[in-house]
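Secondary and tertiary structure notes
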Amino acid sequence: MIARVVIDIAHHEVNKPFDYLIPKELMPWITQGMRVKVPFNHGIRLAIVLDIVNESSFEELKTMIDIDTSTPICDQETLNRVDHLVHAFAMTYQDAFSLVIPMAFQSVYRYHVKKLKNHHTLRAYDNHFDQQDIWYLTKQEETYLSALKRLEKKGLIEIIQTIENKGLSKPKYSYRKVMMTHAKYQHLLDLIETHLHYRNKDLVQLGFTASSIKTMLKHGLIEKVIVEQTQSLIQHDPKPIPKGERVLLQGSLEMWIDDIKGYIKTIQNQKQSMLIIVPEQRLLEDIQHRLDGIPFIYTSTMTHQQKVSLESHIQKHPSIVIGTKRSMFLNYYKLNLVMILKSYHEAYDMHLGTYYDVNALSNNLFKEQIVCYQTPFKTLFLASISHLNIFKKPLLKPNIETVSMRQELLDGHTEMLSRTLKRSIDETLNQGKNIVILFQRKGYQAFHMCRMCGEVATCSTCGQQLIVSDQTSLFCPQCGHSRTLNMTCSKGHENYMKPVGIGLDYVVKEIKKMYPKYRISKLTKDDQTDDLFD
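Residues numbered from 1 in each chain as written. Predicted model: local features only at pLDDT ≥ 70, side-chain atom pairs only at ≥ 80, totals over all residues. Heavy atoms only, no water.

1. Quick word on the overall build of the chain
Within the chain one finds 13 helices and 24 strands. A buried classification covers 40% of the 534 residues belonging to the chain. A separation of at least 24 residues holds for 65% of the contacts in the chain among residues at least 6 apart in sequence. (Helix = DSSP H or I, 4+ residues; strand = E, 2+ residues; numbered from the N terminus. Buried < 20%, exposed > 50% of the residue type's maximum accessible area, 1.4 Å probe, protein only. Contact = heavy atoms within 4.5 Å.)

Structure below.
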């Protein structure tokens, strides 16, 4: 059997599933959503199982090392949400999991070094090793890893990696007697029964030491097995909820407060759950007060213990919850109604850090629930909707593709536009359509820097970094101050001051060279733009 997993590395080059062989002893435990340990790039990483398959397109597969949690941390519905976030919003899998399950990949990788031989090359590190010739590296000391790995190749030391988990419970193990007799450890084997399972503290109370337990495991006298928990961490609702509608609550929030109170009473009478999402944290207590203090409050500033306590409650009991954007990723007991208050607010469009749009995403996350969007306007999103009560058109989803310009250079492509962007421009122009290219940097080139000492030209008025406006002058984007371009820095390095980077004017100039037959217009708040609308 083969496990298809995603690794806990937030990088686009490894933002894809990897296949690992499942060891025979782990097959009964591996399921979708399980967090496991796998070998990756000469180390050990955490991963989450997306699927179990029989075949792989890869020829040589590594073998999974161990499981990290005794029960799955997510179910199929959660995995579907993650998959939607990755493909609809160009996220990495780790970013998507951190939204849906905040504690999924919260772990710390630590290293310790074991000395195998005494050698003169190790004298520089002698003060780091303890009496057992072991050196536990701190975060700052991990800068030595590259040098230590060279010593490991020479057989002088052994580097051991460990993973410290945060937030999720580790698998619970018990010990069971396997062999009946052994000459050296018979006195310990006689203390335990064959048909019983013993916890670590049970064995210690019987007279076992930590070293004797390890030795008996090593010789196969006892075995360590995972304790099955009586209740899964994932709550399943056996009764399917009928698919809900998409309703527009047109008008101010004040107009709808009494109706929201009515919805809350209805949901409570049906013993179901309701989620109210607000755009900003400062609105939580105000709206909770208007609703007579009924809802629970969920916010990202809560402590970990508070979050775990609240999440545990709302998974098992009917609840009315009011929270900010992250509350939409929690698992609710019989969730029936979702209300997005002030749905027009710009805070719902997360364009900083991990990108996602709350309004658009709600259509995918809450397929089985009624979703209400409160707004004073007659339309929502960019779509033109004739009937404002129910949305019948699919929401717009961004189609984003990330291109590495470094890889473009390595492949021999030295033009300013990537091959993907240039191909898209050509296809769009051939269809007779218009194109908008966004480039958030004014001027001809980004800044003016000395290649000798690294000094960057700054504004004498406000201290802001100056932008090269053309090949003869500099200007300040903050206060508008300008001055002549000079080639000597304040330290007297002649002819070492050079313009660096590219700006919007440079991009426009190059695109005009590439497409001389088409009209290229620049649109900024400082430029004349009447020709755009001819």
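And the narrative resumes.
2. As for helix α3 (residues 145-153)
The periodicity of an α-helix, 3.6 residues per turn, causes residues three or four positions apart to be oriented the same way. The set of residues buried in α3 consists of Leu-145, Leu-148 and Leu-151. Around the axis of α3, the buried residues are gathered within 115° of arc, so they sit on the same side. Turned more than 90 degrees away from the buried face of α3, the exposed residues are Arg-150 and Lys-153. Immediately beyond the C-terminal end of α3, within one or two residues, lies Gly-155, with a positive phi of roughly 80°. (Arc of directions from axis to C-beta.)

3. Concerning the sheet that holds strand β21 (residues 467-468)
Spatial ordering of the open sheet is given by β21-β22-β23, a layout of 3 strands whose pairing is antiparallel. Looking at which strands have only one partner, the edges of the open sheet turn out to be β21 and β23 (482-484). For strand β22 (residues 473-475) and β23, the ladder comprises 3 bridges, and the chain directions are antiparallel. Note on β23: the bridge partner recorded for Leu-474 is Arg-483. (Pairing = 2+ DSSP bridges.)

4. Re the pattern of salt bridges
Within this structure, the stated rule accounts for 12 salt bridges. A salt bridge links Asp-19 to Arg-4, with the shortest nitrogen-to-oxygen separation between them at 2.8 Å. Here the residue Asp-19 occupies a position in strand β2 (residues 18-21), and Arg-4 occupies one in strand β1 (residues 2-7), the gap between them amounting to 15 residues. The exposure class assigned to Asp-19 is buried, which follows from its relative accessible area of 7%. As a salt-bridge pair, Glu-408 and Arg-419 come within 3.0 Å of each other at their nearest N and O atoms. Remark: Arg-419 occurs in helix α12 (residues 419-430) and Glu-408 occurs in helix α11 (residues 405-410); sequence separation between them is 11 residues. Under the relative-accessibility criterion, Glu-408 is labelled buried at 6%. (Salt bridge = Lys/Arg side-chain N within 4 Å of Asp/Glu carboxyl O.)

5. What about the confidence of the model for the chain?
In this model, the chain carries an average pLDDT of 78, and 85% of its residues clear a pLDDT of 70 or more. Within the chain, no element has a lower average pLDDT than strand β17 (residues 349-350), which sits at 63, and none a higher one than β2, at 94. Segment residues 228-242: pLDDT under 50, and 20 contacts once partners within four positions in sequence are set aside and those in other chains are kept. (pLDDT = per-residue confidence, 0-100.)

6. Thoughts on the pairing of strand β4 (residues 43-53)
Along any regular strand, the residues point their side chains to alternate faces of the sheet. As paired elements, β1 and β4 share 6 bridges and run antiparallel to each other. By the bridge assignment for β4, Ile-7 is matched with Ala-47. Of the strand pairs in this sheet, strand β3 (residues 35-40) and β4 are connected by 6 bridges, and their pairing is antiparallel. The partner of Val-38 across the bridge, within β4, is Arg-45.

7. Concerning the nonpolar core
In this structure, Leu-85, Phe-97, Leu-275, Met-328, Phe-329 and Tyr-356 are the most contacted members of the largest nonpolar core, which totals 41 residues. Elements supplying a minimum of two residues to this core: β4, α1 (76-88), α2 (93-100), β13 (273-277), α9 (304-316), β16 (335-340), α10 (358-365) and β19 (370-375). Beyond its immediate stretch of four places on either side in the chain, Leu-85 contacts Ala-90, Met-91, Ala-96, Leu-99, Val-100, Phe-329, Tyr-356 and Leu-361. Counting residues in each nonpolar core, the second largest holds 21 residues, with Val-247, Ile-267, Leu-291 and Leu-337 among its members. (Core = buried A, V, L, I, M, F, W, Y, C linked by side-chain atoms within 4.5 Å.)

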